[in-house]
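Fold and contact review
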Amino acid sequence: MRIEIISANDIGPVVRASRKAQSIRQDDAAGSIGVSESFMGKVESGGETVQWGKLFQVLEGLGVRVILDVPDEVVSQLAAAQQLHTRKQRAKAARQAKTAHQTSPEGPR
């Protein structure tokens, strides 16, 4: 089933229904997914300020897939945007590795 999501408020009922369909209590779902019960409650109530990473963790934990339906003109720009994103992520990882190496107890080699 496809459900159009316009706002954070639209995600809450989907998460709650997915959890209830599996007969899982909110605290049990939160524990098995690895988020707090408070966070799970915020997601289910459509909280506007939830963290993206944790939100996707909850969705994945409940078996909910997210599919974006983008306009055709976006497709032509998507490959370039993905390449730029990958380059930025690699540069960030390299900077973090360098910083970790410099601040390690052994110091630089």
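**A look at the pattern of salt bridges**
Applying the stated criterion to the full structure yields 4 salt bridges. A salt bridge links Arg16 to Glu44; its shortest N-O distance comes to 3.5 Å. Residue Arg16 is located in helix H1 (residues 8-21), and its partner Glu44 is located in helix H3 (residues 37-44); the two are separated by 28 residues in the primary sequence. A relative accessible area of 4% means that Glu44 is categorised as buried.

**Thoughts on the side chain of Glu44**
A polar side-chain atom of Glu44 sits 3.0 Å from a polar atom in the side chain of Gln26. Apart from the residues within four sequence positions on either side, Glu44 is in contact with Gly12, Pro13, Val15, Arg16, Arg19 and Gln26.

**With respect to the environment of Leu59**
Take Leu59: it is sitting in helix H4 (residues 52-61). Given a relative accessible area of 6%, Leu59 falls into the buried group. Measuring from C-alpha to C-alpha, the distance between Leu59 and Ile33 comes to 9.3 Å, with 26 residues separating the pair along the chain. In contact with Leu59, not counting residues within four places along its chain, are Ile11, Val15, Val64 and Val66.

Each value, and the rule that gives it
Residues numbered from 1 in each chain as written. Predicted model: local features only at pLDDT ≥ 70, side-chain atom pairs only at ≥ 80, totals over all residues. Heavy atoms only, no water. Salt bridge = Lys/Arg side-chain N within 4 Å of Asp/Glu carboxyl O. Helix = DSSP H or I, 4+ residues; strand = E, 2+ residues; numbered from the N terminus. Buried < 20%, exposed > 50% of the residue type's maximum accessible area, 1.4 Å probe, protein only. Polar contact = N/O pair within 3.5 Å; in protein donor to acceptor, adjacent residues only side chain to side chain. Contact = heavy atoms within 4.5 Å.

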